[in-house]
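Overview (structure and organization)
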Amino acid sequence: MVYKKYSIGILDYNCGNLNSLNSIIRSLGFISFISNNKSRLLGADLMILPGVGNFSFAMQQLRNLKITQFIKDYSKNKPIIGICLGMQIFFSTSNETKKTKGLNLIKGDVKNFGKNKCKVGWDTCENIKNASINLISEKQFFYFNHTFFASTENKYVIAYSYFEKKKYPAIIRKNNFIGFQFHPEKSQYNGKKLLKNTIEELLND
Amino acid sequence: MIKKRLSTAVVIRDDLAVQSFSFKKYLPIGKPEVVIENLSWWGSDEILIFDLKSKLSKQEPNFSIIDKICEKKLSTPITYSGRINNPKDAVKVINSGVERVGMGNIIFNNSRKMQQISDMIGSQAVILILNCFYIGGKLYLRDLINNKSIPYSEFETKIESLSSFYSEIMIVDIQNEGSCGNFDLNILHQIKLNKKLILYGGMYNFKKINKCLKNKMISSIAIGNQFYFHEHAYQELKNKLKSNLIRPQFYNN
């Protein structure tokens, strides 16, 4: 039997913990590379958009790289994983710093928790009943670090989390896109397991 | 419910992880990337790196050390502080694989830079570090660049006015840093800001940690020296605390 090693492209748009994500993906047994070269990324079986940054700055970086249309086209044919900000930019708009249009691949807005409110730390998620897939166990802790969250239709949400009694989407799925509001790559054993399962789920779908 | 963090602190000086005593006296421990790798294996909730300026250090973050750390396949959140003076450096540090940056002296010298950095990497990725000491019933901040102490009251308004540009405040008790549980809780009585706090500097005392964890404004307790010399010291501390406010200890990372 020939075992195919999947290739994962990590998009470098100046907004992510690129090197640590790359190391983690490789440790999971995949081939991975960091790039913003369209033809190179097109050769990958799956693309990951990492995310540590500001929404307006991120969209500006994508426009500077002339890569927004590429992401939209890629998502029609191949799977994408978005992490934190890398998930938020898939939505219609955000008011982080100023009102900014996102990629609008998923209808919804990115909003803040409230003035000066930030969720930092380890928390669990709640699976949606009858969701297309359940990726996590509700006892598992994941690392969250965000001041903004995506507000969208229930049909795209596969797991929720809470912050100061506010229920908000923690995992999103639309077709072959899966987005995490938390950082699986920084969530130790549970996060690595989740990333591996998600990549395999998307590539075998 | 979000758990409070038991964070581990690593002080780096001249490319070596060191045991620090009030940031005045240092004993070498070893390669920072090895120390940090161990803490990550033990399931530390977060690793806070203080890369101190010395005669040998450049005027920019220590990218060679950051790269060595981030190549280690670590899946633990990392915060780096050390000579991040402009947005370009901050973005480069994040891209290297760090999740958050800590900034202290910038508030005395060029606080506008903090806004510029936050506009690029997001306020969630910025921690304000206050190097404090409490003496004679008064709280002081230490400006480490200009080597002077300023009453906290003179900076309170400025710290508050910048609050949209950082996510948490790290309170460092510089006098008691490296001690076994002498963190001066009087510091907390003086700080009345609506921001979550990380406490560092002499926190290794079970009663003190448990008391602080119950304070709703405290999101993290950071401990350094005490974790370097015993296998599984981190998990043992979590086990002894028996607190459901923090994530349970983990042995198989």
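As the structure is a computational prediction, the values presented were derived from the model and not from experiment. (Residues numbered from 1 in each chain as written. Chains lettered and ligands numbered in written order. Predicted model: local features only at pLDDT ≥ 70, side-chain atom pairs only at ≥ 80, totals over all residues. Heavy atoms only, no water.)

Attention now moves to the interface of chain B and chain A. Residue-level contacts link 43 residues of chain B with 35 residues of chain A. Between chain B and chain A the total buried area reaches about 3300 Å² when both faces are included, carbon and sulfur atoms providing 53% of it. Our count for the chain B to chain A interface comes out at 1 salt bridge. With a closest N to O distance of 3.5 Å, B:E99 and A:K186 form a salt bridge. There are 25 residue pairs in polar contact (both at pLDDT 80 or more) connecting chain B and chain A. Classifying every residue of the side of chain B that touches chain A by side-chain character gives 14 nonpolar, 17 polar and 12 charged. (Contact = heavy atoms within 4.5 Å. Buried area = accessible area lost by both parts, 1.4 Å probe. Salt bridge = Lys/Arg side-chain N within 4 Å of Asp/Glu carboxyl O. Polar contact = N/O pair within 3.5 Å; in protein donor to acceptor, adjacent residues only side chain to side chain. Nonpolar A, V, L, I, M, F, W, Y, C, P; charged D, E, K, R; others polar.)

What follows deals with the pattern of salt bridges. Close approach of charged atoms lets side chains of opposite charge pair. Taken as a whole, this structure holds 15 salt bridges over all chains when the rule is applied. Ionic pairing is found between A:E153 and A:K155, a salt bridge with its closest N-O pair at 3.6 Å. Note that B:R100 and B:E46 form a salt bridge whose closest N and O atoms lie 2.9 Å from each other. Note that B:R100 is positioned in strand β6 (residues 100-103) and B:E46 in the loop between α1 (32-41) and β4 (47-51), a separation of 54 residues in sequence. The pair formed by B:R100 and B:E46 is uniform in burial state, with each residue classed as buried. A single network of salt bridges, built from pairs that share partners, joins B:R5, B:E46, B:R100 and B:E168. (Helix = DSSP H or I, 4+ residues; strand = E, 2+ residues; numbered from the N terminus. Buried < 20%, exposed > 50% of the residue type's maximum accessible area, 1.4 Å probe, protein only.)

Before going further, it helps to examine unusual backbone geometry. Positive phi is not limited to glycine here, since A:N14 has a value of about 70°. The residue A:N14 is located in the loop between β1 (7-11) and α1 (18-27) in this model. Assessed through its relative accessible area of 30%, A:N14 is described here as partly exposed. Look at B:K242: it is not a glycine, yet its phi comes out positive at around 50°. In this fold, B:K242 is placed in the segment after α9 (233-241).

With that out of the way, let us pick up the sheet that holds strand β2 (residues 31-35) of chain A. Residues and elements named next belong to chain A. If you walk across this open sheet you meet the 8 strands as β2-β1-β3-β4-β14-β13-β12-β9, and the pairing is mixed. This sheet does not close on itself; its edge strands, each paired only once, are β2 and β9 (126-127). Of the pairings in the sheet, the one linking β1 to β2 comprises 5 bridges and is parallel in character. Within the sheet, the bridge partner assigned to G9 lies in β2 and is F33. (Pairing = 2+ DSSP bridges.)

For any two helices packed against each other, the geometry comes down to the angle between their axes and how far apart the axes lie. Residues and elements named next belong to chain B. Relative orientation of the contacting elements helix α3 (residues 87-96) and helix α5 (residues 111-121) amounts to 35°, with a least axis distance of 9 Å. Viewed along their axes, α3 and α5 form a crossing whose handedness is right-handed. Between α3 and α5, the residues in contact are P87, A90, V91 and I94 and K113, Q116, I117, M120 and I121, respectively. In the contact of α3 with α5, the residues fall into 7 nonpolar, 1 polar and 1 charged. (Axes fitted to C-alpha atoms, helices over the stretch in contact; angles between N-to-C directions. Left-handed = near helix turned anticlockwise from the far one by under 90°.)

Once that is clear, we can look at the nonpolar core. Core analysis: the largest hydrophobic core is formed by 105 residues, its most contacted members being A:I71, A:I89, B:I159, B:I171, B:L199 and B:I221. The residues touching B:L199, leaving out its near neighbours within four places in the chain, are B:I171, B:F183, B:L188, B:C212, B:I218, B:S220, B:I221 and B:A222. Ranked by size, the runner-up nonpolar core spans 36 residues in total, among them A:I8, A:F182, A:I199 and A:L202. (Core = buried A, V, L, I, M, F, W, Y, C linked by side-chain atoms within 4.5 Å.)

Our focus in this paragraph is the packing of helix α2 (residues 63-70) of chain B against α3(B). All names here are of chain B. Running from N to C, α2 and α3 point in directions that differ by 25°, and their axes come no closer than 9 Å. Regarding the angle of α2 to α3, the classification is roughly parallel. Contact with α2, carried on its side by F63, I66, D67 and C70, involves D89, K92, V93 and S96 of α3 and no other residues of that element. Its residues placed into classes, the contact of α2 with α3 shows 4 nonpolar, 1 polar and 3 charged. (Parallel < 35°, antiparallel > 145°, perpendicular 65-115°, else oblique.)

All names here are of chain B. Listing the buried residues of helix α8 (residues 206-213) in full gives K208, I209, C212 and L213. Looking down the long axis of α8, one finds its buried residues gathered within 130° of arc, a one-sided arrangement. Every exposed residue of α8 that faces more than 90 degrees away from the buried side is listed here: K207 and K211. For α8, the elements touching its buried residues are β11 (196-200), β12 (218-223) and α9. The opening residue of α8, the one whose side-chain oxygen lies 3.0 Å from the backbone nitrogen of K207, is N205. (Arc of directions from axis to C-beta.)

Residues and elements named next belong to chain A. Spatially, the 4 strands line up as an open sheet ordered β6-β5-β7-β11, and their pairing is mixed. Unpaired on one side and paired on the other, β6 (100-101) and β11 (148-152) mark the two borders of the sheet. Note: strand β7 (residues 108-112) against β11, 5 bridges, orientation antiparallel. Paired with G108 across the strands is T152, a residue of β11.

To continue, consider the side chain of B:D173. Residue placement: B:D173 occurs in strand β10 (residues 168-173). Summary of buried charges: B:D173 has no salt-bridge partner, and the nearest side chain of opposite charge, B:K208, is 7.2 Å away. (Lys, Arg positive; Asp, Glu negative; His and termini not counted.)

Quick look at the confidence of the model for chain B now. The predicted model of chain B has a mean per-residue pLDDT of 91, with 97% of residues at 70 or higher. Listed scores for the predicted complex are pTM 0.94 and ipTM 0.93. (pLDDT = per-residue confidence, 0-100.)

A separate point is the environment of B:K238. Residues and elements named next belong to chain B. Of note, K238 is situated in helix α9. By relative accessible area, K238 is classed as buried at 4%. Put simply, K238 and L6 are 232 residues apart on the chain and 8.0 Å apart in space, counted from C-alpha to C-alpha. Among residues more than four places away in sequence, those in contact with K238 are L6, G43, D45, I246, R247, P248 and Q249.

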